[in-house]
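Below are the chains, spelled out letter by letter.
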Amino acid sequence: MQEYIPVIDISDIYQSDKNRHLQIAQRVDEACRHSGFFCITGHHISQKDIQRIKAFARHFFSLPMEDKQSVSILNNQIYRGYSSHEMEQLDYQRSIDYKEIFDMGYHLDADHPEVQRKEPFRGSNQHPEHLIAGWTKLFETHYQNMTELAKVLFRIIALGLKLEENFFNDMFFESLSTFRIIHYPGLPEQRNRVVCGAHTDYGILTILHQDDVGGLQVRSKDNQWVDVPPITDGFVVNIGDMMAMWTNDRYKSTSHRVLNIGQDRISMPFFTEPHPSQLIQCLPQCSDEQNPPKYPPVICRDWLLKRFKAAYNG
Ligand SMILES: O=C(O)CCC(=O)C(=O)O
Ligand SMILES: [Fe+2]
């Protein structure tokens, strides 16, 4: 794979050798500054769990539309559940996406104050347990495991930014992170058609598992599309817009898209976001007199709401 998207083995971060931690942090920092994309191996999410989730996802997407619509995203106002091909357009200048998705977030009970106040994105998930037994436990557990992996990556990123190792950790309490499964139907007659339009991710950090079909591409510095080949036991990690804002563009939020290879494809991004009230403003380490802050501070909730509305209604 091109060094533009390096493969970084993070297994030593789970051991005690601080020098190895720093070496991993340095490689991650380089990748975030260069392409904003890298792949990780050596994480603690088991292959067995990934395979099970993928099998559940395939089963769900193969169900009749009427069944899938029973957990439609239109049933609630918090962007959770199933959406069909036409609903989300990431490159909203052009309506080209062809995919179906299921989204879940951090579960809050109905009596949680933020749910009572009807705050955006807050509430409980719509799991298709009535269609596929065992779904809720599998997906809620995976969500927690991905949150733990995100925290490990944030320790690495904090070290790379020369911040205190746990700098980011508390910011992800009851977070706005979303776990999504995406199905791109294989369109044999339309090979190389773009099925997920060119876009940058809205949030902080995306941790994505793709199956072995391929089709994900990242835009290079000289405007070429670079393939991101699948790695069976790895994740693709990329920087989103809020992290670019937080780091004053030290870390790059890079455009990417998905092409139809002619076969069905499943991908599973975990969009890591902080608590809704988290203020995103230039980190002190990322600006100085020559390089003043480029972006006005934003509250995480407001920023995401603006981007979600554009993608769903644009
Ligand atoms: O399906 C993929 O591989 C990428 C999806 C993506 O970029 C997104 O949903 O933001
Ligand atoms: Fe994306």
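Throughout, residues of each chain are indexed from 1 in the direction in which the sequence is written. Lettering of chains starts at A and numbering of ligands starts at 1, both following the order in which they are written. In view of the model being predicted, local features appear only for residues whose pLDDT reaches at least 70, and side-chain atom pairs are presented and counted only at 80 or more, with totals across whole chains, interfaces and linings using the full set of residues. Heavy atoms throughout the structure, all of them, feed into the side-chain values; hydrogens and water do not.

The name given to the protein in an unreviewed UniProt entry is 2-oxoglutarate-dependent ethylene/succinate-forming enzyme, with the source organism recorded as Commensalibacter communis. UniProt positions are given in the numbering used here, feature names are shortened, and annotations may be inferred rather than shown by experiment. Quoted verbatim from the Pathway (unreviewed entry) field of UniProt, the annotation for the protein is "Alkene biosynthesis; ethylene biosynthesis via 2-oxoglutarate." According to the UniProt record, the Sequence similarities (unreviewed entry) comment for the protein is "Belongs to the iron/ascorbate-dependent oxidoreductase family."

Trainee: Quick one: what's the story with the overall build of the protein, residue by residue and with numbers?
Mentor: Strands are runs of DSSP state E lasting at least 2 residues, helices are runs of H or I lasting at least 4, and numbering of each runs from the N terminus. Check the secondary structure of the protein and you find 7 helices and 14 strands. Each radius of gyration is computed over the set of C-alpha atoms, and the globule rule expresses the reference value as 2.2 Å times the number of residues to the power 0.38. Its C-alpha atoms give the protein a radius of gyration of 19 Å, near enough to 20 Å, the size a compact globule of 314 residues would have. Principal axes of the C-alpha set define a box for the protein whose edges measure 55 × 50 × 40 Å. Within the protein, the proportion of its 314 residues that are buried is 58%. Summarising the internal contacts of the protein: among those between residues at least 6 apart in sequence, 78% fall at separations of at least 24. Here, Shrake-Rupley sampling with a 1.4 Å probe gives the accessible areas, and only protein chains in the shown set may cover a residue. Roughly 14,200 Å² of accessible area belongs to the protein as shown, and the carbon and sulfur atoms make up 49% of that amount. Only protein chains enter the accessibility calculation, which uses a 1.4 Å probe; a residue whose area is less than 20% of its type maximum is buried, one above 50% is exposed, and one in between is partly exposed. Any two residues whose heavy atoms approach within 4.5 Å are treated as being in contact.

Trainee: Describe the pattern of salt bridges, and please don't skip the residues or the numbers.
Mentor: One side-chain nitrogen of Lys or Arg within 4 Å of one carboxyl oxygen of Asp or Glu is enough to make a salt bridge. Tallying each qualifying case throughout the model produces 15 salt bridges. Across the salt bridge formed by Arg 117 and Glu 119, the nearest N and O atoms sit 2.9 Å from each other. Note that Lys 294 is salt-bridged to Asp 249, the shortest N-O span being 3.5 Å. Highlighted residues: Lys 294 in the loop between β13 (279–280) and β14 (298–299) and Asp 249 in the loop between α6 (241–246) and β11 (256–259), separated in sequence by 45 residues. Sharing partners across several salt bridges, the network here consists of Lys 18, Arg 155 and Glu 165.

Trainee: So what about the packing of helix α2 (residues 47–62) against helix α5 (residues 135–160)? Which residues, and what values?
Mentor: Interaxial angles span 0 to 180 degrees and are taken between N-to-C directions of axes, which are lines fitted to C-alpha atoms, for helices over the stretch in contact. Viewed as axis vectors pointing N to C, α2 and α5 meet at an angle of 130°, and their least axial separation amounts to 11 Å. As far as their axial angle goes, α5 and α2 are oblique. In terms of crossing hand, the pair formed by α2 and α5 is left-handed. Taking contact as the criterion, the partners of Asp 49, Ile 50, Arg 52, Ile 53, Phe 56, Ala 57 and Phe 60 in α2 are, on α5, Trp 135, Leu 138, Phe 139, His 142 and Asn 145. Partitioned by chemical class, the residues of the contact of α2 with α5 number 8 nonpolar, 2 polar and 2 charged. Throughout this description, any angle smaller than 35 degrees is read as roughly parallel, any larger than 145 degrees as roughly antiparallel, any in the 65 to 115 degree range as roughly perpendicular, and the remainder as oblique. The hand of a helix crossing depends on one turn: near helix anticlockwise from the far one by less than a right angle means left-handed, and clockwise means right-handed. In the scheme used here, Gly and all other residues not listed as nonpolar or charged are polar, with Ala, Val, Leu, Ile, Met, Phe, Trp, Tyr, Cys and Pro taken as nonpolar and Asp, Glu, Lys and Arg as charged.

Trainee: Talk me through the sheet that holds strand β9 (residues 225–227); I want residue IDs and the actual numbers.
Mentor: By the convention used here, strands pair only if DSSP detects at least 2 bridges between them. Pairing in this open sheet of 4 strands is antiparallel, and the strands run β6-β11-β8-β9 from one edge to the other. Both edges of this open sheet fall to β6 (194–199) and β9, since each of them pairs with a single strand only. Averaged over all pairs of adjacent strands, the angle between their axes in this sheet comes to 25°, without regard to strand direction. In this sheet, β9 lies alongside strand β8 (residues 216–219) in antiparallel orientation, the contact comprising 3 bridges. The residue bridging Gln 217 from the neighbouring strand is Asp 227, located in β9.

Trainee: Break down the site of ligand 1 for me, citing the residues and quoting the values.
Mentor: Around ligand 1 sit Ile 182, Tyr 184, His 199, Asp 201, Leu 208, Leu 216, His 256, Val 258, Arg 265, Ser 267 and Phe 271, and that is every residue in its neighbourhood. Distance and chemistry together define a polar contact, namely a pair of N or O atoms within 3.5 Å, with one atom able to donate a hydrogen and the other to accept it when in protein, and with adjacent residues in sequence counting only for side-chain atoms on both sides. In the model, an oxygen atom of ligand 1 is placed 2.6 Å from a nitrogen or oxygen of the Tyr 184 side chain. At a separation of 3.0 Å, an oxygen atom of ligand 1 approaches a polar side-chain atom of His 199. Definitions used for this entry: grid spacing 1 Å over protein atoms alone; cavity, a set of points where a 1.4 Å probe fits but cannot get out; pocket, an open set with protein on both sides within 12 Å along at least 5 of 7 lines; lining residue, one with an atom within 4 Å of a point. Occupancy of a cavity or pocket is assigned to a molecule whenever over half of its atoms lie within 2 Å of that pocket's grid points. Its atoms largely coinciding with the cavity grid, ligand 1 occupies the second largest cavity. For the shell around ligand 1, the secondary-structure elements that each account for two or more residues are β5 (178–184), β11 and β12 (265–272). When residues in the shell around ligand 1 are grouped by element, the largest group, 3 residues, is from β12. Partitioned by chemical class, the residues of the shell around ligand 1 number 6 nonpolar, 3 polar and 2 charged. A single heavy atom is enough: if one lies within 4 Å of a molecule or strand, its residue is considered near that molecule or strand.

Trainee: Any chance you could break down the UniProt feature "domain: Fe2OG dioxygenase" (unreviewed entry) in the protein for me, citing the residues and the numbers?
Mentor: Within this structure's numbering, the places UniProt gives as "domain: Fe2OG dioxygenase" (unreviewed entry) are residues 174–274. End-to-end, the C-alpha atoms of residues 174–274 are 8 Å apart, and along that stretch the chain is 6% helix and 43% strand.

Trainee: Got a sec to walk through α2? Specific residues and values, please.
Mentor: Taking 1.5 Å per residue as the helical rise, α2 with its 16 residues ought to reach 22 Å, and the 22 Å between its terminal C-alpha atoms agrees with that figure. Within the span of α2, buried status applies to Ile 50, Ile 53, Lys 54, Phe 56, Ala 57, Phe 60 and Phe 61. Viewed end-on, α2 has its buried residues packed into an arc of 165°, placing them on one side of the element. Projecting away from the buried face of α2 at angles above 90 degrees are the exposed residues Lys 48 and Ser 62. Given a helix with a known number of residues, its expected span is that number minus one, times 1.5 Å. Within this analysis, the arc is defined by the directions that extend from the helix axis to the C-beta atoms.

Trainee: Summarise the state of the cysteines; cite the residues concerned and give the values.
Mentor: In plain terms, two cysteine sulfur atoms within 2.5 Å form what is called a disulfide here. Scanning all chains against the criterion turns up 0 disulfides. The thiol sulfur of Cys 196 is not disulfide-bonded, and the nearest other cysteine sulfur, from Cys 39, lies at 17 Å. Cys 196 sits in the buried class, given a relative accessible area of 4%.

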